[in-house]
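Each chain, written out:
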Amino acid sequence: MRQLFKKKLMQDIEKEAARQDTEGQKPEQYLNEHEWEKALLKSHDFKRTFYVNQKTEKKFCFSFISTLVDESILQNNALPYLLEGELTEIVDVKSLIPIADVQVSDHNEDIETKLFNGYVLLTLEGEEKYFAFIAAQKEVVRNVAQPEVEFSVIGPKESFVESLDHNLNMIRKRVPVKELIIENYTVGSLSKSGVAILYIDGITNKDNVNTVVQRVKDIEFDEITDSSYIVQLISDNQNSPFPQLLDTERPDRIAAILAEGKVAILVDGSPHALIGPTTLVEFFGSFEDYFLNYLLSSFFRLVRLFAVAFSILITPIYVAALSYHYELIPKDLLSTLITSRREIPLPPILEALFLELTIELLREAGARLPTKVGQTIGIVGGIVIGTASVEAGLTSNVLLIIVALAALASFTTPVYRMGNTIRLLRFPFLFFAELWGMLGIVVSFSFLLAHLLKLTSLGRPFLEPLYPPRITDFKDAIIRLPFTMQYNRPQYLRTENPVRFSEKKAKQKKDIDE
Amino acid sequence: MRIRSFFWVLAAGITLSGCVEKEIIDDVNIEMGVGYDFVEDDKIEGTVMIPIFNPDKKIGNFTYSATAASSRDLIQEVQRKSAQPLVTGSLEIALFGEGIAKKGIREFTDAFERDASIGARVYFAVADESAKSILSGTYGNRGNAVHLSQLIKHNMETRNLPITNMHLYLFDLYQEGKDPYLPILKKVEPEIIDIVGIALFKDDKLKSELPPDKMFFFKLLTDKFSEGAYKLDVGKEKVVIKDLDSKHKIKLTKRDPYNITVEIKIKGLIREYTGHIVTPEIIKKIEKEFEEQVNKEASAMIKDFQEQGIDPVGFGQFIKSKTRGFDFKRWEDEYKNLTVNVKTDMIITEVGIVE
């Protein structure tokens, strides 16, 4: 089968080459045969067209990849002028056509990259050395949509798209200063993805920038399809379940963290930007926190932190208490727990695993299915399986409530990546709770803590401000203090200019009445 | 290296988990009440009460009884009768029959203090007649153990029962110059348990009993009130004083022979008064009457303790804390000659909204 397919392909290629030859006459002398041409000629979207200038009767040729080029630009803005204008030398192209990005070059090695970036190669009869590139990129970009992962009721409603230029445009508009530096690198031997590294000169610590630049440059990978690849490739500890770079789809958030002195990484083709260095507590702060009054947002942050602890620990505690520590259970709760468990044939651990896995299955199924079907799965799973398994005597209803609440609590984390981590963390805790009871929970918590203490994000401590303790950085960590108190940038970033605004001046500006 | 250490932890986790005794909540019999009685031939009857959790959320009770020569044999006897292992961690109340209490309960309390799973706030009580008859009844709808412990708890917190539990009992027992005391429970009706007084111990042996009407004065001396109530006769009228709040302070006023002053400060409000209007003069009168009564009763009680040679208030311990080179051998005699003055200061803060 494969042989047959190959054979057919070869035939096609030969046919195509023959067609090119007959249609476009014989390749003229001024067309230098290059390696890239031979390879390109096999693709059917590589086009080469020949024209003759009406005044000078010079022949010229367009070479381009039709799928990357907006041909209407060629037809309307280039071709009429080139046919009718006085084209004697290649430099004349610049003055003839009304397109800003026209380059004359003699670098043969540039041709391949330029062609794949949507440029049209113009060669002229009689010019052996020089040729011109005309920019005619075709931009296929979806519209700027509302943020879906980090939706906020208040605040800007635009989110990143897959085009790097559009994304940078959204950021530039929010930080219109010359200090905003955008460095560009190409990563991936096949994908040639553009990676932009953004920081504000004079604020961001150069070490942080250099770390990012060096790590991005060092990436050895063929196809980078999304910024998630970059996160995994440049993380400090790639074996950690914790994401060490924050990702966001909000340009406003990027603008805010640039002002704090962090580095942003944008990848062409990815609607998610990366932020580093970051800390653990930052993953529990939603960007909407900054749009609300500080009292409200502090409260919500505390709720979220509690939800995370609850989500990780409640099922293991249930298993530990029911398997080992009956004396911990208050006497009023004892009857509820025992009554709910009297018909259950499974030990607490199996009961808990059964429900946890059911929830995981539901989540996976819901995530893989189209939205409409996914809703049905939610209802089927939530109501039917839950109720039925209680009625069938497979699980106790107390545990059903606990597991459902834990699952709900894990969804409160504003960053999706962190939510996934929390999903995973529960299982080692469960395992150790079954083995050693409460002691097992303490042991696994110690492991977790040791791991978090060791973890760094771009070389900066991940558990800051909890450890190393930085009292001043608590102003925007577990709680968020009012903006008037956020006059210093976070300490752990070691910014070149630690002062955001003058505290004194901010206090001087008072109403006339006062 | 890291992988190796990880495997060590995993291996330890799996192998060491065999060392932990698993007690799955519905596969054990949770002992919530226990009672000891004295039966003939120097034998002890132990009763263990476990709750039965019914599907309709009602809690039933079940008791295992066994007779043995010592408390250690009792455990074996009872375990043999139980279908699931008996565990002691959720013990709520331990009852001692009067016969056992008179012979000394150290043998039993020793087992409780050694068992790490038993909390220090287990209630101890002396059972008038037999512990078994109290444990085998049915009271309330939350199980016997919870009923009994709540009965004792609310009487301690808001009524005239001085606070005792396992911790305080053991503290008093091992404290030189202080003797422990426990409440006495009695089954007055098939479904009702009453607190019929306070059992006063000499060391771990029951020495005498204090009737319920003296409990109020006893608590004034040994404990503090936060929410008590007392009925008082003033001339022809009767007064009920509520929300009693009391403090007591012991002062050593003289040595050789020892002379002690107990200062009691009481605050309260008038809840019921059979007369019409409470005037300031009447308040003064009530306060005075109350003070006199407390002084009289408390002094008489202390005199009684001195005669019996028991010291539940802890005068010995108090004097020891104030005296260098205190000798407990001499204290036995000195206690008999101790002079105790009770001074009471009563303030009525409120008389109700009727003027």
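From a predicted model like this one, the values you see are computed outputs, not experimental measurements.

Quick word on the overall build of chain B
Then, in step 1: Tallying secondary structure elements over chain B gives eleven helices and 14 strands in all.
Then, in step 2: Dimensions of chain B, computed from the C-alpha atoms along their principal axes, are close to 80 × 60 × 55 Å.
Then, in step 3: Relative to its full complement of 355 residues, chain B shows a buried share of 50%.
Then, in step 4: Across chain B, contacts joining residues at least 24 apart in sequence account for 64% of those joining residues at least 6 apart.
Then, in step 5: Of note, chain B has its 51 positive side-chain charges centred 5 Å away from the centre of its 57 negative side-chain charges.

Thoughts on the layout of surface pockets
Then, in step 1: Volume-wise, the largest pocket comes out at about 1,100 Å³.
Then, in step 2: Around the largest pocket, the lining is made up of 30 residues, and of these A:Phe116, A:Asn117, A:Lys192, A:Gly194 and A:Asp268 lie nearest the centre.
Then, in step 3: Counting only elements with at least two residues in the lining of the largest pocket, the list comes to helix H5 (110-116), helix H6 (164-174), strand E6 (180-187) and strand E7 (193-200) of chain A.
Then, in step 4: Its residues assigned to classes, the lining of the largest pocket shows nine nonpolar, twelve polar and nine charged.
Then, in step 5: In this structure, the second largest pocket spans a volume of roughly 840 Å³.
Then, in step 6: Every residue lining the second largest pocket is counted, 22 residues in all, and those nearest its centre are A:Pro241, A:Phe447, A:Leu448, A:His451 and B:Phe6.
Then, in step 7: For the lining of the second largest pocket, the secondary structure elements donating two or more residues are helix H15 (416-436) and helix H16 (438-454) of chain A together with helix H1 (2-16) of chain B.
Then, in step 8: Its residues assigned to classes, the lining of the second largest pocket shows 14 nonpolar, six polar and two charged.

Brief notes about the nonpolar core
Then, in step 1: B:Leu185, B:Ile260, B:Phe290, B:Phe315, B:Trp331 and B:Leu338 are the most contacted members of the largest nonpolar core, which totals 96 residues.
Then, in step 2: Among the elements that make up this core, the one with the highest residue count is helix H9 (residues 280-308) of chain B (eight residues).
Then, in step 3: Ranked by size, the runner-up nonpolar core spans 40 residues in total, among them A:Phe160, A:Val415, A:Leu448 and A:Leu463.

Some remarks on the interface of chain A and chain B
Then, in step 1: Each side of the interface is counted separately: chain A has 25 residues, and chain B has 31 residues.
Then, in step 2: Where chain A abuts chain B, roughly 2,600 Å² becomes buried across the two surfaces, and 66% of that area is made up of carbon and sulfur atoms.
Then, in step 3: When residues of chain A are sorted by the area they lose upon contact with chain B, A:Tyr326, A:Lys331 and A:Trp436 head the list and together hold 26% of the total.
Then, in step 4: Taken together, the links from chain A to chain B amount to four salt bridges.
Then, in step 5: Between B:Lys22 and A:Glu434 there is a salt bridge, with the nearest N and O atoms lying 2.4 Å from each other.
Then, in step 6: Across the chain A-chain B interface, the total number found is nine residue pairs in polar contact (both at pLDDT 80 or more).
Then, in step 7: At the level of elements, helix H10 (294-323), helix H11 (331-341), H15 and H16 of chain A are the ones that each hand at least two residues to the side of chain A that touches chain B.

Some points on H6(A)
Residue and element names in this part refer to chain A.
Then, in step 1: Listing the buried residues of H6 in full gives Leu164, Asn167, Leu168, Met170 and Ile171. Buried residues of H6, seen end-on, are gathered within an arc of 155° and therefore sit on one face of the element. More than 90 degrees from the buried face of H6, the exposed residues found are Asp165 and Lys173.
Then, in step 2: Considering only its buried residues, H6 is in contact with E6, E7, helix H9 (251-260) and strand E9 (263-267).

A word on the sheet that holds strand E12 (residues 237-254) of chain B
Residues and elements named next belong to chain B.
Then, in step 1: Taken in spatial order, the four strands make up an open sheet running E11-E12-E13-E14, and their pairing is mixed. Each edge of the open sheet is held by one strand with a lone partner, namely strand E11 (228-234) and strand E14 (339-350). On average, each strand axis in the sheet is inclined to that of its neighbour by 40°, with strand direction left out of account.
Then, in step 2: In this fold H9 packs onto E11, E12, strand E13 (259-273) and E14, with an angle of close to 150° to the strand it touches most, E14.
Then, in step 3: Packed onto the sheet, helix H10 (residues 315-322) meets E12, E13 and E14 and runs at close to 40° relative to E12.

A word on the UniProt feature "transmembrane region" (unreviewed entry) in chain A
Residue and element names in this part refer to chain A.
Then, in step 1: Under the UniProt annotation, "transmembrane region" (unreviewed entry) lies at residues 302-324, 398-417 and 429-453.
Then, in step 2: Between the first and last C-alpha atoms of residues 398-417 the distance is 29 Å; the span itself is 75% helix and 0% strand.
Then, in step 3: Secondary structure within residues 429-453 divides into 96% helix and 0% strand; the distance between the first and last C-alpha atoms comes to 18 Å.

Cut-offs applied
- Residues numbered from 1 in each chain as written.
- Chains lettered and ligands numbered in written order.
- Predicted model: local features only at pLDDT ≥ 70, side-chain atom pairs only at ≥ 80, totals over all residues.
- Heavy atoms only, no water.
- Helix = DSSP H or I, 4+ residues; strand = E, 2+ residues; numbered from the N terminus.
- Buried < 20%, exposed > 50% of the residue type's maximum accessible area, 1.4 Å probe, protein only.
- Contact = heavy atoms within 4.5 Å.
- Lys, Arg positive; Asp, Glu negative; His and termini not counted.
- Charge placed at Lys NZ, Arg CZ, Asp CG, Glu CD.
- 1 Å grid on protein atoms, 1.4 Å probe; cavity = no way out; pocket = protein on both sides within 12 Å on 5 of 7 lines; lining within 4 Å.
- Points joined across faces, edges and corners; volume = space filled by probe spheres on them.
- Nonpolar A, V, L, I, M, F, W, Y, C, P; charged D, E, K, R; others polar.
- Core = buried A, V, L, I, M, F, W, Y, C linked by side-chain atoms within 4.5 Å.
- Buried area = accessible area lost by both parts, 1.4 Å probe.
- Salt bridge = Lys/Arg side-chain N within 4 Å of Asp/Glu carboxyl O.
- Polar contact = N/O pair within 3.5 Å; in protein donor to acceptor, adjacent residues only side chain to side chain.
- Arc of directions from axis to C-beta.
- Pairing = 2+ DSSP bridges.
- Axes fitted to C-alpha atoms, helices over the stretch in contact; angles between N-to-C directions.
- UniProt positions renumbered as here; feature names shortened; annotations may be inferred.

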